[in-house]
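Close look at the chain arrangement
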Amino acid sequence: MDNGADEVIHGEAALIEQYLLALTEGDAGTFALADDCAVLKPPLGQDLVLTTDSLVEGIHFLAGDVPGFKALAVNISDLTAKGAAPLGYLLTLALAEAPTRKLMTKLTAGLAAAQTAFGCHLLGGDTDRTGGPMTLTITAIGAVPEGRMVRRAGARSGDVVYVSGTIGDAGLGLKLRRDPSLRDGFGLDREDAAHLLGRFDAPRPPVALAPVVLEYASASIDVSDGLAKDFLTLSRVSRVGGEIELTRVPLSRGAARALSSGGVSIDQIVSGGEDYEVLATVPSARAVEFEAAAAAAGVAVTAIGRMGGGRAALFLDASRQPVRLSGTGWEHL
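Attention in this report is confined to the structure presented alongside it. Position numbers for residues count from 1 along each chain, tracking the sequence in the order it is written. This being a predicted model, a pLDDT of at least 70 is required before a residue's local features are given, and a value of 80 or more before pairs of side-chain atoms are given or counted; all residues contribute to the totals for chains, interfaces and linings. Excluding hydrogens and water, the side-chain figures rest on all heavy atoms present in the structure.

When you go through the protein chain residue by residue, the secondary structure sums to eleven helices and ten strands. Computed over the C-alpha atoms, the radius of gyration of the protein chain is 21 Å, within 12% of the 20 Å expected from 2.2 N^0.38 for a compact globule of 333 residues. For the protein chain, the spread of C-alpha atoms along the principal axes amounts to about 65 × 55 × 35 Å. The long-range share in the protein chain, meaning contacts at least 24 apart out of those at least 6 apart in sequence, stands at 86%. What sets the accessible areas is the Shrake-Rupley method with a 1.4 Å probe; for residues, cover comes only from the shown protein chains. By element, 53% of the accessible surface of the protein chain is carried by carbon and sulfur atoms, the whole surface being about 15300 Å². To qualify as a helix, a DSSP run of H or I must reach at least 4 residues; to qualify as a strand, a run of E must reach at least 2; elements of each kind are numbered from the N terminus. All radius of gyration figures rest on C-alpha atoms, and the globule criterion is 2.2 Å times the number of residues raised to 0.38. By the convention used here, residues are in contact when the closest approach between their heavy atoms is within 4.5 Å.

Okay, the sheet that holds strand β6 (residues 219-223) next. We treat two strands as partners when DSSP finds at least two bridges between them. Spatial ordering of the open sheet is given by β6-β8-β5-β9-β7-β10, a layout of six strands whose pairing is mixed. The open sheet has two free edges, formed respectively by β6 and β10 (313-316), since each of these has just one partner strand. This sheet shows a mean twist of 25° between the axes of neighbouring strands, independent of strand direction. Of the strand pairs in this sheet, β6 and strand β8 (residues 277-282) are connected by five bridges, and their pairing is antiparallel. Looking at β8, one finds that Asp 222 is bridged to Val 278. In the packing of helix α2 (residues 68-81) onto the sheet, contacts are made with β6 and β8, and the angle to β6 comes to roughly 165°. To obtain an axis, a line is fitted to C-alpha atoms, over the contacting stretch when the element is a helix, and the angle between two such axes runs from 0 to 180 degrees between their N-to-C directions. Against the sheet, helix α8 (residues 227-238) makes contact with β5 (160-164), β6, β7 (242-245), β8, β9 (301-307) and β10, and its axis sits at roughly 155° relative to β6, the strand it touches most.

Moving on: the packing of helix α6 (residues 190-201) against helix α9 (residues 253-261). To describe two helices that pack against each other, one gives the angle between their axes and the distance between the axes. Packing of α6 against α9 brings their axes to within 8 Å, and their N-to-C directions diverge by 105°. As summarised for this structure, α6 and α9 are arranged roughly perpendicular, according to the angle between their axes. Contact residues: α6 offers Glu 191, Asp 192 and Leu 196, while α9 offers Arg 253, Gly 254, Ala 255 and Arg 257. Across the contact of α6 with α9, the residue classes break down as two nonpolar, one polar and four charged. For this classification, under 35 degrees means roughly parallel, over 145 means roughly antiparallel, 65 to 115 means roughly perpendicular, and everything else is oblique. The classification used treats Ala, Val, Leu, Ile, Met, Phe, Trp, Tyr, Cys and Pro as nonpolar, Asp, Glu, Lys and Arg as charged, and all other residues, Gly among them, as polar.

The next thing to look at is the layout of surface pockets. Both cavities and pockets are sets of points on a 1 Å grid over the protein atoms alone; in a cavity a 1.4 Å probe fits but cannot get out, in a pocket the set is open with protein on both sides within 12 Å along at least five of seven lines, and lining residues sit with an atom within 4 Å of a point. Grid points are joined across faces, edges and corners, and a volume is the space filled by probe spheres set on the points. Roughly 360 Å³ of internal volume is contained in the second largest pocket. In terms of lining residues, the second largest pocket is bounded by 21 residues, among which Leu 33, Asp 35, Asp 36, Gly 124 and Gly 125 are the most central. For the lining of the second largest pocket, the secondary-structure elements that each account for two or more residues are α1 (12-20), β2 (85-95) and β3 (121-129). Considering every element that reaches the lining of the second largest pocket, the biggest residue donor is β3, with six residues. Considered class by class, the residues forming the lining of the second largest pocket number 13 nonpolar, four polar and four charged.

Axis separation between helix α4 (residues 169-178) and α6 bottoms out at 7 Å; the angle between their running directions is 105°. In terms of orientation, α4 and α6 fall into the roughly perpendicular class. Contact with α4, carried on its side by Asp 169, Ala 170, Leu 172, Gly 173, Leu 174, Leu 176 and Arg 177, involves Ala 193, His 195, Leu 196, Leu 197, Arg 199, Phe 200 and Asp 201 of α6 and no other residues of that element. Across the contact of α4 with α6, the residue classes tally to eight nonpolar, two polar and four charged.

A few words now on the environment of Arg 204. Counting through the fold element by element, Arg 204 comes out in the loop between α6 and α7 (210-216). Exposure is judged per residue with a 1.4 Å probe applied to protein chains only, and the accessible area is read against the type maximum: over 50% gives exposed, under 20% gives buried, and values in between give partly exposed. For Arg 204, a relative accessible area of 53% puts it in the exposed group. When the C-alpha atoms of Arg 204 and Phe 118 are compared, they prove to be 8.9 Å apart, with 86 residues separating the residues in sequence. If we ignore the near neighbours within four places in the chain, the residues touching Arg 204 are Phe 69 and Ala 117.

With that out of the way, let us pick up the packing of aromatic side chains. Pairing of aromatic side chains requires ring centres within 6.5 Å, counting the rings of Phe and Tyr and the six-membered ring of Trp. Pairs whose planes differ by under 30 degrees are stacked, by over 60 edge-to-face, and all others tilted. In this structure the tally under the stated criterion is four aromatic pairs. Ring geometry for Tyr 162 and Phe 290: centres 4.8 Å apart, planes at 50°, overall tilted. Within this pair, whereas Tyr 162 is found in strand β5, its partner Phe 290 is found in helix α11 (residues 287-296), the two being separated by 128 residues in sequence. Like Tyr 162, the residue Phe 290 is buried in the burial classification. Of the aromatic side chains, those joined through ring pairs into one cluster are Tyr 162, Tyr 216 and Phe 290.

Read these as layout, nothing more, since geometry by itself doesn't imply function.
Right, here's the structure in full:
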């Protein structure tokens, strides 16, 4: 046991040298985190793609958690949906109290694991004190061939709607974190529960799908606020309606068991958020190629609907009748 685990770290210089510097992986453009800025040279013929997300304690993660892995993952999810390859990231860490070695060990271990999983590294950032809750803000930087970033706008009538992975797991994982007794009510075994908890604590956006999205998708968005809300957003900015068949939404074994138990509704599954999967539209003529390319990349994708039919975005039941959802997803403000 490390008797110094709760020892307070005094000064930003010590924090950088002892914990953050290793995350740069020796990138010369970071100047060993000794300067105010870093230098990043875009790959030849590529555009830089930028995104940022914050995780606020008590809002995006539970008090006492140290979501290093998740903080980077939620940003990489945005890049994946744009067809971008990750290059690096900036980290802003705001703490209510002076950091301890235990806190920084957990944080940097999570970030290091995420860097390995997603193929990027720390470029720089900032540390500060706050009168509010702990906040981790990451700005992730990726690259795509010039002019080819896949936008939310771009879906066209007749396009097939696809989603990667499974939906609803993270939302159920959060419910289990808050009330472990729900495991029995949902009819879950230990493996099911561990899977759902893992999807909440350490989401794995399908980075291998990025080049497939780049090649085939007419529009794409990551599933962060809830499948229903993100589909509504894609439809709105593309100015074309569409439909999702709720019975075709892919579920993990645990989510399917929770649904069949009656402990959770399909509304809650498609509005739960934090799945960090990809929702993409693909021209019907290229749908078979898209599926084959996704399979070759090792990513499961499921056709769940189609764009068209005016400007309305609809959700259909097993009889293909429109249903009104009780909620669609996370509201930021």
